[in-house]
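Here's the letter readout for the chains.
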Amino acid sequence: MNRVTPESWLQSPGDVLVVGLGKSGTAVASLLARRGFRVTATDERAMDASDPAVASLAALGVELVLGGHPEALTRHAWQFVAKSPGIPYHQPFVAALVARGHVIATDVEIASWFETRPVYAITGSNGKTTTTTLVGEMLKASGFNPIVAGNIGTPVCDVVDKPGDMLVLEVSSFQLDGTHTFHPRGAALLNFYPAHLDYHGSYEAYQAAKWKLFAHQTPEDVAVLNWDQALVRDRADKLAARVHGFSLEGAPFEDGVGVIGEMLVAVQGGEQVPILPVDHVALPGRHNLQNAAAAAALALAAGAQASAIAQVLSTFHGVEHRLEFVREVAGVRYYNDSKATNPDAARQALRSFDHGVVWIAGGLDRGISFDPLLPDVSGRVRAAVLLGETKDKLCDLVRRAGVTECAFVSSMEEAVRRASEMAKPGDVVLLSPACASWDMFPSYEVRGSMFKDAVHRL
């Protein structure tokens, strides 16, 4: 592979290839074209010239190769290739580019070449969106003007020229896999659970992609780590950055945020500063308390005030598609947790309720076992409505957990209707799929929105 030299490329912009024209790919192509690079963009889809993304790129002089990826593109002497994060490296065209030695970079890496403002980045298997949103709100409440972007929805390349004090980024393993020089001032790793194994090939490769978040940090930077998970904590002494912890089991670190007794406490140089009582945190569930501690630790490192953090945590009620309360109908509460795209995320949602759950679950089959969910389903789930590729596996799981009511459906509309028929007053209907959406829906956002629309039609 060619050497990664962003400084020389920015001084002498050359030919670059953008692979994939989703939101992030379009943003990358637009940014590079505006900065003087000669951009060719290719997508497997035969996109129409009237498509707004196609029209905007054509107006910037981007050469568009649509409806496939010609092999000839792999033979050109590109300065570098910008790959949309969702396209795996084993995709044949991308694999051919790698085999020919092309530098492959993702949007987070490329945006960082143009940024001089401090970047605070969050990754992990679960809780990224909630934590990222909380950090942004904590910094706003402290008088800063943060820009919240990345995997959370707004492409990072779209905010490079937007006014603001710092960037707060949600970053995925897909994005981090294509980083080479990315250097956040502060970075948080929330947790590890098996996810995206079809993309990365193994749990070890998935973890390695996440750890790239810290690869270019220095002792002037801060790494925020989950002290309650040994898989994360045990790497602390291998990082160059100053390590701050977060924990729900105390505060066994010199810097960070922990729960001591019934109080969320900031630790700064060994000194403890109370933030707020645990029961004042508005978000429900132990997993959200952990997200709150992680967000507080990173926000403090970025300059937020403890009083502002307390204000946000006592009033913030969550983000869309993450244990989002939709409405109550006939004494039954409906919750949208469509962002639960793996079993551990669904586990956290299930643990937020004691009993009477009518569980809507199922989706893309990635070969991950659902057995770890067994103790969380048992005693909590009263009935299940299952859909997608994994419905048979999940039906076996709920049967083993003692659930006798189990229905198969083929659409979200049908799932909500069937769940409403099975639910009794006092129950909770919970969409928490434990799976990615792509077997039936374009994204978890679309899946969640369809659930909410169906609930509002009851």
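Residues numbered from 1 in each chain as written. Predicted model: local features only at pLDDT ≥ 70, side-chain atom pairs only at ≥ 80, totals over all residues. Heavy atoms only, no water.

### Topic: the UniProt feature "domain: Mur ligase central" (unreviewed entry) in the protein
Part 1 of the argument: Within this numbering scheme, the UniProt entry marks residues 122-299 as carrying the feature "domain: Mur ligase central" (unreviewed entry).
Part 2 of the argument: Structurally, residues 122-299 comprises 28% helix and 25% strand, and the distance from its first C-alpha atom to its last is 11 Å. (UniProt positions renumbered as here; feature names shortened; annotations may be inferred. Helix = DSSP H or I, 4+ residues; strand = E, 2+ residues; numbered from the N terminus.)

### Focus on the pattern of salt bridges
Should their charged atoms come close, side chains of opposite charge can pair.
Part 1 of the argument: As enumerated under the stated definition, the model contains 27 salt bridges in all.
Part 2 of the argument: Here D344 and R347 are joined by a salt bridge, their closest N and O atoms 2.2 Å apart. Residue D344 and its partner R347 are both found in helix α13 (residues 343-350); the two are separated by three residues, about one turn of the helix.
Part 3 of the argument: Among the residues examined, D344 registers a relative accessible area of 5% and is labelled buried.
Part 4 of the argument: Owing to a relative accessible area of 11%, R347 belongs among the buried residues under this scheme.
Part 5 of the argument: In this structure, the salt-bridge partner of E405 is R382, at a minimum N-O distance of 3.1 Å. Separated by 23 residues along the polypeptide, E405 in strand β19 (residues 405-408) and R382 in strand β18 (residues 381-386) bring together distant segments of the chain.
Part 6 of the argument: The structure contains a network of salt bridges with shared partners spanning D344, R347, R351, D376 and R380. (Salt bridge = Lys/Arg side-chain N within 4 Å of Asp/Glu carboxyl O. Buried < 20%, exposed > 50% of the residue type's maximum accessible area, 1.4 Å probe, protein only.)

### Side note on the state of the cysteines
Part 1 of the argument: Under the counting rule described, the total for this entry stands at zero disulfides.
Part 2 of the argument: Lacking any disulfide linkage, C435 is separated from the closest cysteine sulfur, that of C406, by 13 Å. (Disulfide = S-S within 2.5 Å.)

### Notes on the packing of helix α16 (residues 412-422) against helix α17 (residues 444-456)
Part 1 of the argument: Look at α16 against α17: their axes get within 9 Å of each other, and the N-to-C directions meet at 45°. Here α17 runs oblique to α16, going by the angle between their axes. Viewed along their axes, α16 and α17 form a crossing whose handedness is right-handed. Seen from α16, the contacting residues are M412, E413 and V416; seen from α17, they are R447, M450, F451, A454 and V455.
Part 2 of the argument: Looking at the contact of α16 with α17 residue by residue, the class counts come to six nonpolar, no polar and two charged. (Axes fitted to C-alpha atoms, helices over the stretch in contact; angles between N-to-C directions. Parallel < 35°, antiparallel > 145°, perpendicular 65-115°, else oblique. Left-handed = near helix turned anticlockwise from the far one by under 90°. Contact = heavy atoms within 4.5 Å. Nonpolar A, V, L, I, M, F, W, Y, C, P; charged D, E, K, R; others polar.)

### Thoughts on the sheet that holds strand β20 (residues 428-431)
Part 1 of the argument: Read from one edge of the open sheet, six strands run β15-β16-β20-β17-β18-β19, paired in mixed fashion. Two strands bound the open sheet, and with one partner strand each, they are β15 (324-329) and β19. Each strand axis lies, on average, 20° off the axis of its neighbour in the sheet, ignoring direction.
Part 2 of the argument: Set on the sheet, helix α15 (residues 391-400) makes contact with β17 (357-361), β18 and β19; between it and β19 the angle comes to about 175°. (Pairing = 2+ DSSP bridges.)

### A short note on the layout of surface pockets
Think of a ball as big as a water molecule: rolled over the atoms, this probe shows where empty space is left.
Part 1 of the argument: The calculated volume of the second largest pocket comes to roughly 270 Å³.
Part 2 of the argument: Around the second largest pocket, the lining comprises 16 residues; the ones closest to its centre are S112, W113, E115, T181 and H183.
Part 3 of the argument: Counting only elements with at least two residues in the lining of the second largest pocket, the list comes to α1 (6-11) and α5 (107-114).
Part 4 of the argument: Ranked by residues supplied to the lining of the second largest pocket, first place goes to α1 with three residues.
Part 5 of the argument: Here the residues of the lining of the second largest pocket are counted per class, giving seven nonpolar, four polar and five charged. (1 Å grid on protein atoms, 1.4 Å probe; cavity = no way out; pocket = protein on both sides within 12 Å on 5 of 7 lines; lining within 4 Å. Points joined across faces, edges and corners; volume = space filled by probe spheres on them.)

### Structural notes on the UniProt feature "domain: Mur ligase C-terminal" (unreviewed entry) in the protein
Part 1 of the argument: In the UniProt entry, the feature "domain: Mur ligase C-terminal" (unreviewed entry) is given for residues 321-435.
Part 2 of the argument: For residues 321-435, the end-to-end C-alpha separation is 14 Å, with 29% helix and 26% strand making up the annotated structure.

### Things to note about the sheet that holds strand β12 (residues 256-260)
What holds strands together in a sheet is hydrogen bonding between their backbones, with the strands either parallel or antiparallel.
Part 1 of the argument: One open sheet accounts for nine strands, arranged β7-β8-β6-β9-β10-β11-β12-β13-β14; its pairing is mixed. Looking at the sheet topology across the chains shown, the edges are occupied by β7 (146-150) and β14 (271-277). On average, each strand axis in the sheet is tilted by 20° relative to the strand beside it, whichever way the strands run.
Part 2 of the argument: Taken together, the five bridges between β7 and strand β8 (residues 166-170) define a ladder with parallel strand orientation. Within the sheet, the bridge partner assigned to P146 lies in β8 and is M166.
Part 3 of the argument: Each of β13 (263-268) and β14 touches helix α12 (residues 306-315); the most contacted strand, β14, lies at about 30° to it.

### A word on helix α2 (residues 23-34)
Part 1 of the argument: The end-to-end C-alpha distance of α2 is 17 Å, a good match for the 16 Å that 12 residues give at a rise of 1.5 Å each.
Part 2 of the argument: Where burial is concerned, most of α2 is hidden: 10 out of the 12 residues are buried.
Part 3 of the argument: S24, G25, T26, A27, V28, A29, S30, L31, L32 and A33 are the residues of α2 that are buried.
Part 4 of the argument: Where α2 is buried, its residues touch β1 (15-19), β2 (38-43), α3 (52-59), β4 (80-83) and α5. (Expected span 1.5 Å × (residues − 1).)

### A look at the nonpolar core
Part 1 of the argument: Counting residues in each nonpolar core, the largest one holds 56 residues, and the members touching the most others are V18, L32, V39, F80, I110, F214 and L225.
Part 2 of the argument: If you tally residues by element for this core, the top one is α2, at six residues.
Part 3 of the argument: If you count residues domain by domain, this core takes at least three from each of domain 1 (13-105) and domain 2 (111-315).
Part 4 of the argument: Counting 41 residues, the second largest nonpolar core, distinct from the first, contains Y120, L264, V281 and I309. (Core = buried A, V, L, I, M, F, W, Y, C linked by side-chain atoms within 4.5 Å. Domains from an automatic or database assignment.)

### Examining the environment of V259
Part 1 of the argument: Structurally, V259 is set in strand β12.
Part 2 of the argument: Once the C-alpha coordinates of V259 and S172 are considered, the two residues, 87 residues apart in sequence, prove to be 27 Å apart.
Part 3 of the argument: With near-sequence residues (within four places) excluded, V259 lies in contact with S247, L248, E249, G250, L264, V278 and L289.

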